[in-house]
Amino acid sequence: MNLFDILGPVMVGPSSSHTAGAARIGLTARRLLGEGTPRKARITLYGSFAATGRGHGTDRALIAGLLGYKPDDERISDSFRWAEGHGLDFTFEYSKLSAEHPNTARLELVGKSGKKLNMTACSLGGGRIMVVELGGLRVKFSGDLPTLIVQNSDRPGMVGKVAGMLAEEKVNIAALQVYRDYPGGKAVMIVETDKPVSRAVLDHLKQEEGIIAVTAIEGER
């Protein structure tokens, strides 16, 4: 059992699931976008997030995460005002459709360069989250560990190519998951590692044939 399951995370309240978890979802989306604060954000809330999120500060926490604020940042409660200063244009929608978890948010982001990111994540309680969809593909990762996300064409040898590069850099793989839309279509590798992947490896991967995009985020642990 994780200590957070007993004590909860260091956070600005009132809720570890609706506030701290929401801030982590926003922060993870910001890191995956990789361009700092987004220019636009369209956020859809489901389940309990939609029903009681405003009272628990879920909306403000999500925006705070997109601004780069962590769950213990005192600026969370005033994040809407801070967003104006950072040029973040955002909208919220409250869906009555069911989701796989009661505390679910879908974020559709546009970065300053025009880069887009679509992500769905759930808040599991105790400040923990799980990303369950990325760019239209189902995934499953928490962001607790350093995580490498490789979007690639679904073809033989791609997993071995990525794993080989990490082995050369002496980066140990903690977990590796592969998802695809259909055979020969678009795929994504989620590689959780014991330490962050170097910029040199990321640049090398981006130049490899068959790799569409590469993103890396540092873990929370």
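Below or above, wherever it landed, is the structure these notes cover. (Residues numbered from 1 in each chain as written. Predicted model: local features only at pLDDT ≥ 70, side-chain atom pairs only at ≥ 80, totals over all residues. Heavy atoms only, no water.)

1. As for helix 4 (residues 58-66)
- In terms of burial, helix 4 is a largely internal element, 8 of the 9 residues being buried.
- The complete set of buried residues in helix 4 reads Thr-58, Asp-59, Ala-61, Leu-62, Ile-63, Ala-64, Gly-65 and Leu-66.
- A positive phi of about 95 degrees marks Gly-68, the residue just after helix 4. (Buried < 20%, exposed > 50% of the residue type's maximum accessible area, 1.4 Å probe, protein only. Helix = DSSP H or I, 4+ residues; strand = E, 2+ residues; numbered from the N terminus.)

2. Points about the sheet that holds strand 4 (residues 116-125)
- Read from one edge of the open sheet, 6 strands run 2-1-3-4-5-6, paired in mixed fashion. If you trace the sheet from one side to the other, it starts and ends with strand 2 (89-94) and strand 6 (137-141), each paired once. Ignoring which end each strand starts from, the neighbouring axes of this sheet average 20 degrees apart.
- Bridge count between strand 5 (residues 128-134) and strand 6: 3 bridges; the pairing is antiparallel. Within strand 6, the residue paired with Glu-133 across the bridge is Arg-138.
- Contacts from helix 3 (residues 47-56) reach strand 1 (40-46), strand 2, strand 3 (103-110) and strand 4, with the element oriented near 105 degrees to strand 1. (Pairing = 2+ DSSP bridges. Axes fitted to C-alpha atoms, helices over the stretch in contact; angles between N-to-C directions. Contact = heavy atoms within 4.5 Å.)

3. A few points about the side chain of Glu-133
- Among the structural elements, Glu-133 can be located in strand 5.
- One polar contact links the side chain of Glu-133 to the main-chain amide nitrogen of Gly-136, over a distance of 2.6 Å.
- In contact with Glu-133, other than residues within four places in its own chain, are Arg-106, Asn-118, Met-119, Thr-120, Arg-138 and Val-139. (Polar contact = N/O pair within 3.5 Å; in protein donor to acceptor, adjacent residues only side chain to side chain.)

4. What about the packing of aromatic side chains?
- A complete count under the given rule lists 4 aromatic pairs for this structure.
- Summarising the aromatic geometry, the rings of Phe-80 and Phe-92 are spaced 6.4 Å apart at their centres and angled 40 degrees between planes, so their arrangement reads as tilted. Taken together, the residues Phe-80 in helix 5 (residues 79-85) and Phe-92 in strand 2 connect sequence positions 12 residues apart.
- Taking relative accessible area as the criterion, Phe-80 reaches 29% and is therefore assigned partly exposed.
- Between Phe-90 and Phe-92, the ring centres sit 6.0 Å apart and the planes meet at 75 degrees, which makes this aromatic pair edge-to-face. (Phe/Tyr/Trp six-rings, centres within 6.5 Å; stacked < 30°, edge-to-face > 60°.)

5. Examining the sheet that holds strand 7 (residues 147-153)
- One open sheet accounts for 4 strands, arranged 8-9-7-10; its pairing is antiparallel. Where the open sheet ends on each side, the last strands, each with one partner, are strand 8 (173-180) and strand 10 (211-217). Sheet twist, expressed as the average angle between the axes of neighbouring strands with direction ignored, equals 15 degrees.
- Across 6 bridges, the pairing between strand 7 and strand 10 is antiparallel. Residue pairing in the sheet places Leu-148 in a bridge with Ala-216 of strand 10.
- Of the strands in this sheet, strand 7 and strand 10 are in contact with helix 7 (residues 199-207), which crosses strand 10 at around 165 degrees.

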